[in-house]
Amino acid sequence: MRVEYINPFVESAFNVMKEVLQSEVKRGELYLKSTSMPVMGVAAIVGLAGGVEGRVLFDMDRPTALKIASAMNGEELTTMDDLVKATITELANMITAQAVTKLHELGFRFDLTPPAIFTGDNMEVSNQDVEALIVPMDTVHGKVEINVAIRERA
Amino acid sequence: MKTKEDFPSINERKPDGLSPEGTPYRILVVDDSMFVAKQITQILTSEGYDVVGQAADGLLGLERYKELYPNVDLVTMDITMPNMDGLTALQKIIDFDKNAKVIMISALGKQDLVKQALLAGAKNYIVKPLDRKKVLERIAHVLSK
């Protein structure tokens, strides 16, 4: 995966989370995963299509999702209801869209698909023929891992 | 002795949401995200605007606009939505009412997309994440013209 793709995601994740959570966000060390990996319990996914193809997965555990959604809504949310899911989905959408906007300015042409969210236990994600780069982000509400898998279209 | 000046006047400013006649501006919010629709609605109602309708995709937004017309002053329109995207809905609303005031609200800020929306008749384009002040300023500006 070309490194030019990843930086805009790291930057926009950092900026958007800092802004919507109104608190500090720390960036962890990036790492590469080429096999399947576990998903923490709540995963929002946004697809990329166009000159390149792939997907971005935002992964966190349930308590983190609830705390992030509570902070973004300005009210305490304690169950994984439709509003919590819509909020996490929108967080994923904002980060991906800002990254796509930046990549667009650099000359990469692709679009994003409406996001989807998965919740459950013992989930894992596998990437066939495409390696995924993981960007860990530490927020005051817990850890969010951003899993980016992009490849140029054959 | 305390004089009147000791108390800050908090009610002097007329809320943005009221027209010069004193009636609330009527807004239609089109967004497929429950979170975003709620966020926009909260920002607007806190300033006295009347959110007269919400629609979860472009097609429903267009239908709702036609139902409400002429009792609607402004539309906030998301772009990436199922069934009918916001750009198409914008064009169809302008075809129906060439004076419609539509503001696009999207997380995507790609220049050609912004240009396309403005050329199609959108009055403004707000890039998310939404900031209360930014939203209120842009909407008040569009309504003042």
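Residues numbered from 1 in each chain as written. Chains lettered and ligands numbered in written order. Predicted model: local features only at pLDDT ≥ 70, side-chain atom pairs only at ≥ 80, totals over all residues. Heavy atoms only, no water.

### Some words on empty space enclosed by the protein
A probe matching the size of a water molecule, rolled over the atoms, marks out where space remains unfilled.
All names here are of chain A.
Line of reasoning, step 1. Tallied over the full model, the rule gives one cavity of 30 Å³ or more.
Line of reasoning, step 2. Considering the residues around the largest cavity, the lining is formed by Met-37, Pro-38, Val-39, Leu-57, Asp-59, Val-125, Glu-145 and Asn-147.
Line of reasoning, step 3. When residues of the lining of the largest cavity are traced back to their parent elements, those giving at least two are β3 (37-39), β5 (52-60) and β10 (142-152).
Line of reasoning, step 4. Classifying every residue of the lining of the largest cavity by side-chain character gives five nonpolar, one polar and two charged. (1 Å grid on protein atoms, 1.4 Å probe; cavity = no way out; pocket = protein on both sides within 12 Å on 5 of 7 lines; lining within 4 Å. Points joined across faces, edges and corners; volume = space filled by probe spheres on them. Helix = DSSP H or I, 4+ residues; strand = E, 2+ residues; numbered from the N terminus. Nonpolar A, V, L, I, M, F, W, Y, C, P; charged D, E, K, R; others polar.)

### A few points about the interface of chain B and chain A
Line of reasoning, step 1. Between chain B and chain A, the contact holds 13 residues from the first and 22 residues from the second.
Line of reasoning, step 2. Roughly 1600 Å² of surface becomes buried between chain B and chain A when both sides are summed, with 64% attributable to carbon and sulfur atoms.
Line of reasoning, step 3. Among the salt bridges present, the one from A:Glu75 reaches B:Lys38, with a minimum N-O distance of 2.7 Å.
Line of reasoning, step 4. For the pair chain B and chain A, the interface holds five residue pairs in polar contact (both at pLDDT 80 or more).
Line of reasoning, step 5. Tallying contributions element by element places helix α1 (residues 34-45) of chain B first for the side of chain B that touches chain A, with four residues.
Line of reasoning, step 6. In terms of residue class, the side of chain B that touches chain A is made up of six nonpolar, three polar and four charged. (Contact = heavy atoms within 4.5 Å. Buried area = accessible area lost by both parts, 1.4 Å probe. Salt bridge = Lys/Arg side-chain N within 4 Å of Asp/Glu carboxyl O. Polar contact = N/O pair within 3.5 Å; in protein donor to acceptor, adjacent residues only side chain to side chain.)

### Describing the pattern of salt bridges
Once the charged atoms of two side chains with opposite charge are near each other, the side chains can pair.
Residues and elements named next belong to chain A.
Line of reasoning, step 1. Going through the model one piece at a time under the given rule, you end up with ten salt bridges over all chains.
Line of reasoning, step 2. Residues Arg-151 and Glu-53 are paired through a salt bridge, measuring 3.3 Å at the closest nitrogen-oxygen approach. Taken as a pair, Arg-151 in strand β10 and Glu-53 in strand β5 lie far apart in primary sequence, 98 residues in all.

### Some points on the packing of aromatic side chains
Residue and element names in this part refer to chain B.
Line of reasoning, step 1. Counting across every chain of the model gives five aromatic pairs over all chains.
Line of reasoning, step 2. Look at Tyr-65 and Phe-96: their rings are 6.2 Å apart centre to centre, the planes differ by 90°, and that puts the pair in the edge-to-face class. Of this pair, Tyr-65 sits in helix α2 (residues 58-68) while Phe-96 is found in helix α3 (residues 86-96), placing the two residues 31 residues apart along the sequence.
Line of reasoning, step 3. The class for Phe-96 is partly exposed, based on a relative accessible area of 35%.
Line of reasoning, step 4. Judged by centre distance (5.2 Å) and plane angle (75°), the rings of Tyr-69 and Phe-96 are edge-to-face. With Tyr-69 in the loop between α2 and β3 (74-77) and Phe-96 in helix α3, this residue pair connects regions lying 27 residues apart in the sequence.
Line of reasoning, step 5. Ring pairing ties together the aromatic residues Tyr-65, Tyr-69 and Phe-96, which thus form one cluster. (Phe/Tyr/Trp six-rings, centres within 6.5 Å; stacked < 30°, edge-to-face > 60°. Buried < 20%, exposed > 50% of the residue type's maximum accessible area, 1.4 Å probe, protein only.)

### Side note on the sheet that holds strand β2 (residues 50-55) of chain B
All names here are of chain B.
Line of reasoning, step 1. An order of β2-β1-β3-β4-β5 is seen for the five strands of this open sheet, with the pairing classed as parallel. Among the strands making up the open sheet, the edge pair consists of β2 and β5 (124-127). Sheet twist, expressed as the average angle between the axes of neighbouring strands with direction ignored, equals 20°.
Line of reasoning, step 2. Of the pairings in the sheet, the one linking strand β1 (residues 26-30) to β3 comprises four bridges and is parallel in character. (Pairing = 2+ DSSP bridges. Axes fitted to C-alpha atoms, helices over the stretch in contact; angles between N-to-C directions.)

### Overview of α2(B)
Residues and elements named next belong to chain B.
Line of reasoning, step 1. Among the residues of α2, those classed as buried are Gly-58, Gly-61, Leu-62, Tyr-65 and Leu-68. One side of α2 holds all its buried residues, which, seen down the axis, span an arc of 135°.
Line of reasoning, step 2. Residue Asp-57 occupies the N-cap position of α2, its side-chain oxygen lying 2.9 Å from the main-chain nitrogen of Leu-59. (Arc of directions from axis to C-beta.)

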